[in-house]
Amino acid sequence: MTNNKSVLSWIEEMKELVTPDNVVWVDGSAEQLAAFKAQAVSTGEMIKLNEELLPDCYLHRTRPNDVARVEARTFICCRKEEDCGPTNHWMEPQAAYKMLFDIARGSYKGRTMYVIPYSMGPIGSPLAQIGYEVTDSLYVVLNMSIMTRVGAKVEEVLGDSENWIKGLHCSCDIDPEKRYITQFPEDNYIISVNSAYGGNVLLGKKCFALRIASYLGKNNEWMAEHMLILGIENPEGETKYVTGAFPSACGKTNLAMLIPPKSYLDAGYKVRTVGDDIAWMRKGPDGRLWAINPENGFFGVAPGTNNKSNPNALASTRKGTIFTNVALNLDTNTVWWEGLDKNPPENAIDWTGEPWNGKTSDIKGAHPNSRFTAPAVNCPCISDKFNDVSGVPISAIIFGGRRATTTPLVYQSRNWNNGVFVGSIMASETTAAATGAVGQLRHDPMAMLPFCGYHMGDYFKHWCEMGEILGDKAPKIFNVNWFRLDEEGNFMWPGFGDNFRVLEWILKRCEGKAEALETPIGYVPRPEDINLEGLDMDIETLKKILVVDKERWTAETEEIANYYKIFGDKLPKELSDELEGLKARLAAAE
Ligand code: GTP
Ligand code: SPV
Ligand code: MN
């Protein structure tokens, strides 16, 4: 426990508000964690899985109405409504505090208040930030203990500083009508009530590391992004790092842990994972952009994860992992989800807690947004720079979405501002990671639509400013799309490990060693520039997914012009100029 006055006085305030029966300070020790797990098992909050097959692993089920982020109930509570912007929901801070404190008041009665001191980023990194989360959920405590660095060491580093983020979580009745996920960027404050689903309640993750941190970054020349970070080691032993921003459930975890095709492995290429969801980046002493992963674990999508699609992710979940909303195999006391293997259990319990026969049932055993919370140290390909306080230097930034048409497999932007434009016009089909319809195309600039803690127009401006700060040392910016469909609705690109073929072209472009065609949208590889060795794919299909279709892109520019209107005079001139440039190049094209 700390002597920090600002911490102690806030904890007192919280105690008076939520009136717990007792208070437990999370110290991060193995003994305390073991006791928490035993307690969660004794109350049924978690189910202990087969200790031989899945040592120290647990299953948890949330309420069926509480399985994903709720964007409609997520609010940015800044003083001026105009600072929140058209893509966020706003609540006036004083009114919000009152309403939320009314919901929170007395809600820990008969319960324990857990106080979690945590660090986002390696403890002691100049890029790391400290938070306190108060919660009445052991599930939250145990997940935070995997996803962040928790405990006494964090408090030592904080000392008596007032520079930390407040987070209050109250489970209440898990009432969806009273569910609110709120961030107060000007007060470094987060309040989340009536949910127990990861993205809504692991307050270090989206609430702090993206919404609050993006605001902090804007004011202090750094960036908090919804990005994976990976290292690619070439046969000469040099490692280059790239980041990638794809919307929720669009392939960050998969790309971050990919295994290159055999010919590359034989040649000596290796991929190393630094992060799978969030990157904090700032200019380093050498002028380049350096990134850290503020997290300490992976909160990954379970369905579709298997030994072929992502063996590294699967291996990461074999010990010390919490599974949420997957099926329970009663014969083996292990877990199962759609796409794990072709052998669903017959004697099982589905994610809602009902008996389930995977061979005969036509309902799903696992929720489409079921997740694993796995320690990063479990990952067979974790980078040796994972805990490096300086982070890693970034050579390329990759944007990407889920687009059945229009966007080619890969293209390179013309320069930094054009790259910011490419990020700003991202559109992607919605997924089960948030509540609401799935498969609907929507704009999701830089994959930050649900996560930007301030006005998206100011965010675009911040990106342009970072380009000025970095100058000619700025990473090159690319866009990818693994999700092009043919007429029958099949993916045209094999994806997963074969995405390495695209990464190779990207890195070569950064070094000036690969050819490309200049098109109106940017530089696209010629079909022969992508290595298809060992892949059962004909060059005609590749040609099709590299095409930049003038008519579709002309229609797209009209769509973008329309979308840009919502930003009003907050749209940076750099981006309206880029749009005009694209229109002109399309008009001049054959
Ligand atoms: P969040 O954790 O929600 O931010 O998601 P994420 O971006 O890390 O997504 P993840 O890597 O877990 O991918 C989610 C879904 O995309 C899974 O259903 C994958 O099977 C699918 N996916 C990932 N990579 C590819 C790919 O290269 N091709 C295809 N077709 N599907 C992919
Ligand atoms: C996402 O939805 O982008 C996630 C999962 O990474 S959550 O933590 O729920 O936000
Ligand atoms: Mn995410």
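Each remark here, short or long, concerns the structure printed above.
I will try to describe carefully the structure that is included in this document.

Attention shifts here to the overall build of the chain. Counting its secondary structure elements, the chain contains 16 helices and 31 strands. Its C-alpha atoms give the chain a radius of gyration of 23 Å, near enough to 25 Å, the size a compact globule of 590 residues would have. In terms of its C-alpha atoms, the chain occupies a principal-axis envelope of roughly 75 × 55 × 45 Å. Looking at the chain residue by residue over its 590 residues, the buried ones come to 61%. Within the chain, counting contacts between residues at least 6 apart in sequence, those at least 24 apart form 72% of the total.

With that out of the way, let us pick up the site of ligand 2. Taken together, Arg69, Tyr197, Gly199, Lys205, Lys206, His226, Ser248, Asp277, Phe299, Arg371, Ala433 and Phe451 make up the full set of residues near ligand 2. In the environment of ligand 2, an oxygen atom lies 2.7 Å from a nitrogen or oxygen atom belonging to the side chain of Tyr197. Here His226 contributes a side-chain N or O atom positioned 3.3 Å from an oxygen atom of ligand 2. Relative to its unbound accessible area of 280 Å², ligand 2 is 98% covered by the protein chains. Because more than half of its atoms lie within 2 Å of the grid, ligand 2 is assigned to the largest pocket.

Evaluated as defined, the whole model comprises 31 aromatic pairs. Residues Phe208 and Trp280 carry aromatic rings whose centres are separated by 6.0 Å and whose planes lie at 50° to one another, so their mutual orientation is tilted. With Phe208 in helix H7 (residues 204–219) and Trp280 in strand S16 (residues 279–283), this pair connects stretches of sequence that are 72 residues apart. By relative accessible area, Phe208 is classed as buried at 0%. Exposure remark for Trp280: the relative accessible area of 0% places this residue in the buried category. Cluster of aromatic residues (ring-pair linked, three or more members): Tyr215, Phe421, Tyr454, Tyr459, Phe460, Tyr563, Tyr564 and Phe567. The ring of Tyr454 has Lys218 lying over it, and the distance from NZ or CZ to the ring centre is 4.9 Å.

Right, let's talk about the coordination of the manganese ion (ligand 3) for a bit. Around the manganese ion (ligand 3), the protein supplies Lys206 (NZ), His226 (NE2) and Asp277 (OD) as donor atoms, at distances of 2.2 to 2.3 Å. Its six donor atoms give the manganese ion (ligand 3) angles of 71 to 172° at the centre, a pattern that matches the irregular case.

Before going further, it helps to examine the site of ligand 1. Taken together, the neighbourhood of ligand 1 is formed by 20 residues, with Ala249, Lys252, Thr253, Asn254 and Arg371 sitting nearest. Gly251 is positioned with one of its backbone polar atoms (N or O) 3.0 Å from an oxygen atom of ligand 1. One nitrogen or oxygen atom from the side chain of Asn254 is found 2.8 Å from an oxygen atom belonging to ligand 1. In isolation ligand 1 exposes 660 Å². Once the protein is present, 90% of that is buried. Comparing atom positions with the cavity grids shows ligand 1 to sit within the largest pocket. Taken together, the elements giving at least two residues each to the shell around ligand 1 come down to helix H8 (252–256) and strand S18 (297–301). Taken together, the residues that form the shell around ligand 1 break down as nine nonpolar, seven polar and four charged. If you count residues domain by domain, the shell around ligand 1 takes at least three from each of domain 2 (228–296 + 386–588) and domain 3 (298–378).

Reading the values: rules and limits
Residues numbered from 1 in each chain as written. Chains lettered and ligands numbered in written order. Predicted model: local features only at pLDDT ≥ 70, side-chain atom pairs only at ≥ 80, totals over all residues. Heavy atoms only, no water. Helix = DSSP H or I, 4+ residues; strand = E, 2+ residues; numbered from the N terminus. Rg over C-alpha atoms; globule rule 2.2 N^0.38 Å. Buried < 20%, exposed > 50% of the residue type's maximum accessible area, 1.4 Å probe, protein only. Contact = heavy atoms within 4.5 Å. Near = heavy atom within 4 Å. Polar contact = N/O pair within 3.5 Å; in protein donor to acceptor, adjacent residues only side chain to side chain. Areas by Shrake-Rupley, 256 points an atom, 1.4 Å probe, with all protein chains shown as cover. 1 Å grid on protein atoms, 1.4 Å probe; cavity = no way out; pocket = protein on both sides within 12 Å on 5 of 7 lines; lining within 4 Å. Sits in = over half its atoms within 2 Å of the grid points. Phe/Tyr/Trp six-rings, centres within 6.5 Å; stacked < 30°, edge-to-face > 60°. Lys NZ or Arg CZ within 6 Å of the ring centre and 35° of its normal. Donors = N, O, S within 2.8 Å, 3.2 Å for Na, K, Ca; no water. Tetrahedral: all angles 85-135°; square planar, octahedral: opposite > 155°, others 65-115°. Nonpolar A, V, L, I, M, F, W, Y, C, P; charged D, E, K, R; others polar. Domains from an automatic or database assignment.

This is a description of form; function is not addressed.
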